[in-house]
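Take a look at the letters that make up each chain.
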Amino acid sequence: MAACSYDLIVRAQGGDAAALDRLLVECRFDARRYARRHCVTSEVDDAVQEALLIVVQRLRSLRTAASFAAWLFTVVRRECRRLSRRMFAHEELDEERIADWFTARPMNELRMELAFALESLPAHYLEVILLRDFEELTITEICEGLDVSVQTAKARLRRARLLVREYLIDASAAANLARERL
């Protein structure tokens, strides 16, 4: 973390946008390296991105610039834990029940719900799922087009599919609840 000088941190805390940009660029490598040790591999990029967003939002509240590195690593570690808890917190779903639900739904309803699910995705997840599942590009082609690693592309694709699935299942639960109330 030697590249992040005390002066740079102080200027960024004072509101210097150029200093903040430079600080984020300089600390990204160290944050990523630290996240690799504390995160599930598929969560590294997300943890670093969230941690850097927190840095931007809360840098002014940091009491001493000298404690920036320790604070950054604490934020990264917390984000890794938060993402891991969220990833492993869901209960296993009954695959047969889900398959039955999908086959019982009218195709037009499924298409609409799928469109809403895709619209709900963050841009980096939407991009990779569209390239893979709709344009049928290979992972290698996606990596080249997006300039990301194979692990990053696979992780984004997996998370995108999980988010779409969760959205569709939540939509199903809401529809069933509405029917029960009638």
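So, how was this worked out
- Residues numbered from 1 in each chain as written.
- Predicted model: local features only at pLDDT ≥ 70, side-chain atom pairs only at ≥ 80, totals over all residues.
- Heavy atoms only, no water.
- Core = buried A, V, L, I, M, F, W, Y, C linked by side-chain atoms within 4.5 Å.
- Buried < 20%, exposed > 50% of the residue type's maximum accessible area, 1.4 Å probe, protein only.
- Helix = DSSP H or I, 4+ residues; strand = E, 2+ residues; numbered from the N terminus.
- Contact = heavy atoms within 4.5 Å.
- Polar contact = N/O pair within 3.5 Å; in protein donor to acceptor, adjacent residues only side chain to side chain.
- Phe/Tyr/Trp six-rings, centres within 6.5 Å; stacked < 30°, edge-to-face > 60°.
- Patch = residues over 30% accessible without salt bridge, like charges linked within 9 Å, V, L, I, M, F, W, Y side chains within 5 Å.
- Areas by Shrake-Rupley, 256 points an atom, 1.4 Å probe, with all protein chains shown as cover.
- Salt bridge = Lys/Arg side-chain N within 4 Å of Asp/Glu carboxyl O.
- Lys, Arg positive; Asp, Glu negative; His and termini not counted.
- Charge placed at Lys NZ, Arg CZ, Asp CG, Glu CD.
- Expected span 1.5 Å × (residues − 1).
- Arc of directions from axis to C-beta.

**Things to note about the nonpolar core**
Here comes step 1: One finds L23, A35, L59, F68, W71, L72 and V76 to be the most contacted residues of the largest nonpolar core, which totals 30 residues.
Here comes step 2: Among the secondary structure elements, those contributing two or more residues to this core are α1 (6–13), α2 (17–38), α3 (44–58) and α4 (68–88).
Here comes step 3: When residues no more than four places from it in sequence are discounted, the contact partners of V76 are A31, Y34, A35 and A51.
Here comes step 4: Counting 16 residues, the second largest nonpolar core, distinct from the first, contains L118, A153, L157 and A160.

**Structural notes on the side chain of R159**
Here comes step 1: Mapped onto the elements of the fold, R159 is located in helix α9 (residues 150–181).
Here comes step 2: For R159, a relative accessible area of 10% gives the class buried.
Here comes step 3: There is a polar contact of 2.7 Å between the side chain of R159 and the side chain of Y125.
Here comes step 4: Apart from the residues lying within four places of it in its own chain, the contact partners of R159 are E43, D46, R86 and Y125.

**Examining the packing of aromatic side chains**
Between two aromatic rings, the relevant description is the distance of the centres plus the angle of the planes.
Here comes step 1: The tally for this structure, following the rule as stated, stands at two aromatic pairs.
Here comes step 2: A centroid spacing of 4.6 Å and a plane angle of 20° characterise the contact between Y34 and F73, whose relative ring orientation is stacked. Of this pair, Y34 sits in helix α2 while F73 sits in helix α4, and the two are 39 residues apart along the sequence.
Here comes step 3: Classification of Y34 as buried rests on a relative accessible area of 14%.

**A look at a positive patch on the surface**
Here comes step 1: A contiguous patch of positive charge on the surface is contributed by R58, R78, R81 and R85.
Here comes step 2: Element by element, the count of residues in the positive patch is highest for α4, at three residues.
Here comes step 3: Inspection of the secondary structure assignment puts R81 in helix α4.

**Quick look at helix α7 (residues 123–134)**
Here comes step 1: Spanning 12 residues, α7 covers 15 Å between terminal C-alpha atoms, matching the ideal 16 Å at 1.5 Å per step.
Here comes step 2: Taken together, the buried positions of α7 are occupied by Y125, V128, I129 and L131. For α7, the angular spread of buried residues about the axis comes to 165°, placing them on one side.
Here comes step 3: At the exit of α7 stands E136, carrying a positive phi of roughly 55°.

**Quick word on helix α8 (residues 139–146)**
Here comes step 1: For α8, every residue scored as buried is listed here: I139, I142, C143 and L146. Summarising the axial view, the buried residues of α8 lie within an arc of 100°, below the 170-degree limit, and thus occupy one face. Away from its buried face, by an angle of more than 90 degrees, α8 presents the exposed residues E144 and G145.
Here comes step 2: Backbone geometry just downstream of α8 places D147 in the positive-phi region, at approximately 55°.

Remember that the coordinates give geometry; whether it matters functionally is a separate question.
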